[in-house]
Amino acid sequence: VKIVPCPPGALSKPTAGGYALKDALGWEDATYKYVQKILHSICLIHLEVTRPYHEQTTNALTNYCVTALKEFPTLANYEDHWPARDFAKMYLKNINAQWKANQNYI
């Protein structure tokens, strides 16, 4: 099995030399949305959603990736499980942005 390397550049910055996760994966829309939904639920179990990805503990990230691999063994075909990590990065970024936006209304 050939290991799929992580695309070059920054996640979610396709116009600045990076990549869009959905495009980089090339999965069917239904598959992408299904994996996204399950990985988001795994984030809620293992990660501190009030903190960005880079502030998560090593233990939390390891537990997240182990659970993601159990749910989707094909993630082992991707270097350092980058799709799982990228889904988590985007989810945490979006959740934090929503939370901060809601704070402006309190």
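Preceding block: the structure.
Keep in mind the model is a prediction, meaning the values are calculated, not measured.

Thresholds, definitions, all that
Residues numbered from 1 in each chain as written. Predicted model: local features only at pLDDT ≥ 70, side-chain atom pairs only at ≥ 80, totals over all residues. Heavy atoms only, no water. Helix = DSSP H or I, 4+ residues; strand = E, 2+ residues; numbered from the N terminus. Rg over C-alpha atoms; globule rule 2.2 N^0.38 Å. Buried < 20%, exposed > 50% of the residue type's maximum accessible area, 1.4 Å probe, protein only. Contact = heavy atoms within 4.5 Å. Phe/Tyr/Trp six-rings, centres within 6.5 Å; stacked < 30°, edge-to-face > 60°. Axes fitted to C-alpha atoms, helices over the stretch in contact; angles between N-to-C directions. Left-handed = near helix turned anticlockwise from the far one by under 90°. Nonpolar A, V, L, I, M, F, W, Y, C, P; charged D, E, K, R; others polar. Polar contact = N/O pair within 3.5 Å; in protein donor to acceptor, adjacent residues only side chain to side chain. Core = buried A, V, L, I, M, F, W, Y, C linked by side-chain atoms within 4.5 Å.

Draft legend 1. Examining the overall build of the protein more closely. Helix and strand counts for the protein come out as four helices and zero strands. Counting from the amino terminus, helix and strand elements in the protein follow one another as α-α-α-α. For the protein, whose C-alpha radius of gyration is 14 Å, the value lies close to the compact-globule estimate of 13 Å for 106 residues. In terms of its C-alpha atoms, the protein occupies a principal-axis envelope of roughly 50 × 35 × 25 Å. Looking at the protein as a whole, 33% of its 106 residues are labelled buried. Nonlocal contacts in the protein, meaning residues at least 24 apart in sequence, comprise 60% of its contacts between residues at least 6 apart.

Draft legend 2. Here's a closer look at the packing of aromatic side chains. One pass over the full model with this rule turns up six aromatic pairs. Taking the centre distance of 6.0 Å and the plane angle of 85 degrees together, the rings of tyrosine 34 and phenylalanine 72 count as edge-to-face. Taken together, the positions of tyrosine 34 in helix H2 (residues 29-46) and phenylalanine 72 in the loop between helix H3 (58-71) and helix H4 (82-103) put the pair 38 residues apart, joining distant regions of the chain. Residue classification places phenylalanine 72 among the buried positions, given a relative accessible area of 12%. Connected via pairs of aromatic rings, a cluster forms that spans Tyr19, Trp27, Tyr32, Tyr78, Trp82 and Phe87.

Draft legend 3. Up close: the packing of H2 against H3. Axis separation between H2 and H3 bottoms out at 10 Å; the angle between their running directions is 145 degrees. Read as a crossing pair, H2 and H3 show a hand that is right-handed. Contacts between H2 and H3 involve Tyr34, Ile38, Leu39, Ile42, Cys43 and His46 on the former and, on the latter, Ala60, Asn63, Tyr64, Thr67, Ala68 and Glu71. When grouped by side-chain class, the residues that make up the contact of H2 with H3 number eight nonpolar, three polar and one charged.

Draft legend 4. Structural context of the side chain of arginine 85. Positionally, arginine 85 belongs in helix H4. A polar side-chain atom of arginine 85 sits 2.9 Å from the main-chain carbonyl oxygen of aspartate 80. Contact partners of arginine 85, with chain neighbours within four places excluded, come to Tyr53, Tyr64, Cys65 and Asp80.

Draft legend 5. Structural context of unusual backbone geometry. In this model, aspartate 80 sits at a positive phi of 50 degrees, which is unusual for a non-glycine residue. For aspartate 80, the location among the structural elements is in the loop between H3 and H4.

Draft legend 6. Representation of the nonpolar core within the structure. With 27 residues, the main nonpolar core has Leu21, Leu25, Leu39, Leu47, Tyr64 and Phe87 as its most contacted residues. Elements represented by at least two residues in this core include exactly helix H1 (21-25), H2, H3 and H4. Apart from residues no more than four positions distant in its own chain, tyrosine 64 is found in contact with Leu39, Ile42, Cys43, His46, Leu47, Ala84, Arg85, Phe87 and Ala88.

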